[in-house]
Structures are given as structure tokens and as C-alpha cells.
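Read off the chains here:
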Amino acid sequence: MISYIEEMFAFDFMRRALIVGILVSLCAALLGVSLVLKRYSMIGDGLSHVGFGALAIAAALGLAPLAVSIPVVVLAAFLLLRISESSHIKGDAAIAIISTGALAVGVLVVSLVPGMNADLVNYMFGSILSMTESDVILSVILSVLVLILFIMFYHRIFAITFDETFAAATGMRTKVYNLMIAFLTAITIVLGMRMMGTLLISSLIIFPALTAMRVFKKFRSVVICAAVVSVVCFMAGLLISYLFATPTGASIVAVNIVLFALFSIIRVCKK
């Protein structure tokens, strides 16, 4: 097994995938706990569809994918939050409208631009081969920024997660921190899409949080457990994908499912 691991990380693209994957997995797990508790976990799915549309347009125009998709997805996250707060359209309906519209635009661009059909699978399901050295540098910088901001504002995120009304009554600027969570989520989604794909990136947000909640109840314990679970599942999925030549994103999700089932059994046994 050790020889396989040494062989795997002899490749530059695998080392790049490991670095970015661990950082993105941490970001997704930390933010996922708050999003799941606020019943807003499907925002990851909606923003990933927006990211697909942005990536398709960037590729068609010959622009840097991350440079285009990050600001577009961040704006979409702010728009989703704004629509949910200030109109009669509910959060899930707003996500459905924006995500399906962006996905349709992406599919149209891919179908109309010659030579892009071959990239459709990579956009949908991800590809660790698609990450360049410049992508890794940008991903590391942004991932570290997300982690720093989450740690700095941990107590405020905790407050608006469990009782936003009370937090607002105490004078906390809840709208600002909701925007910050949306901003951090948007960045995490875009960074993870290159590896996990449009259809699977939301699993990085949902599964680790739900898995940790099977056993732990306190917010801090859930956050720590979710982070550990997310990194372990990523590394196991990456190894499985290398050994059995399976898609990386699907392998990571499969490991998450197994761990979720295991934690659910542990929960039942503890009762």
C-alpha cells in the first residue's frame, strides 16, 4: 500500500490535487455545518450550476476559468441571499431559478462552441487533471483566506446559525455575516468544482456535516468532526480513484456515504 501511495504522489497533478483537495474539503466542511443547520445546504448545488455556466463561458472566450467563475458565483450567492430576504420567493425556489437558468446557459455554450463537448464530462464530474499550477496557487490563497475568516468570526457564525433573531436583537449585524457566509461558500464551491464537478461538489458541504451530527451534538464538536471526516473521505477517495481508475469526485462521495452509514450505526448503538 505504501508503494502505491509513493507512486501516486510521484505525479505532479496528484500532488496538486492533494493540496487543493484537503484545503477545499476543510472549507466545505466548516461552512457546511452552518449551512445545514440553517437549512440552506442546497445553496451549494445552486452555486455549482452557476459556476458551470461561468466556466463554460470562460472556456468559450479563452479566459482563465477561475478568474471568471469566482466573481460570477460570488455575485450569484449575494443575489440568492437578497432574493430570499427581500421578496416573496422562498430560498429553495430562488436557488432553483438561478441554478437551472445558469445550467441551461452553460449547456448551450458547450453545445454551440466547437470542440467543447469533450470538456462537458470534466465540467459535470470534475477532473484532477484540469488543475494547473496557477490554479493551485490561487486555490491555496483563497482557501487559506476562507479558513482564516471562519476562525476569526467563529462566534458570530455560531450566533447567527442557531438564533439569528436574538443575534440581531443584541446589535449584531446579521446581514453582514450572512453575506460573509455566502461569499465564503461561493469561493469554496468554485475551488472544489474543478476537482469534484458541478454535480458532486455540494456533497462536500452536506455529507461531512450530516455525518458528524449523527454522533455529536455540540456545535464545536460537530465542526471539528466534520472537518476530520471531510479530509479523511477526500484522501481515501483520491487513493481509491488512483488504484481503481475511478472518477475522483464519485469516489470521494462513495467514501462519504460509507462513513455516513457507519456513523448512523454508531448513533443507533449508543441509544
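Just so it is clear, the model here is predicted, and its values are computed rather than measured.

A.B. asks: Just checking my understanding: could you explain the pattern of salt bridges for this structure?
C.D. replies: Oppositely charged side chains may form a pair once their charged atoms are brought near each other. For the structure shown, the criterion picks out two salt bridges. Its salt-bridge partner being D12, residue R15 comes within 2.1 Å of it at the nearest N-O pair. With R15 and D12 both in helix 2 (residues 12-37) and three residues apart, the pair spans about one turn of that helix. D12 gets classed as partly exposed once you look at its relative accessible area, which sits at 45%. With its nearest N and O atoms 3.2 Å apart, the salt bridge here joins K38 to E164. Taken together, the residues K38 in the loop between helix 2 and helix 3 (43-61) and E164 in helix 9 (residues 164-169) connect sequence positions 126 residues apart.

A.B. asks: Which parts of the structure should I look at to understand the side chain of S230?
C.D. replies: The topology assignment puts S230 in helix 12 (residues 219-244). Apart from residues lying up to four places away in sequence, S230 is in contact with S25, L26, A29 and P208.

A.B. asks: Explain unusual backbone geometry here, please?
C.D. replies: A negative phi angle is the norm for most residues apart from glycine, just as the trans form is the norm for most peptide bonds. The phi torsion at A245 lies on the positive side, around 55°, for a residue other than glycine. If you trace the backbone, A245 turns up in the loop between helix 12 and helix 13 (248-270).

Conventions we followed
- Residues numbered from 1 in each chain as written.
- Predicted model: local features only at pLDDT ≥ 70, side-chain atom pairs only at ≥ 80, totals over all residues.
- Heavy atoms only, no water.
- Salt bridge = Lys/Arg side-chain N within 4 Å of Asp/Glu carboxyl O.
- Helix = DSSP H or I, 4+ residues; strand = E, 2+ residues; numbered from the N terminus.
- Buried < 20%, exposed > 50% of the residue type's maximum accessible area, 1.4 Å probe, protein only.
- Contact = heavy atoms within 4.5 Å.

Keep in mind that these numbers describe shape and distance, not what the molecule does.
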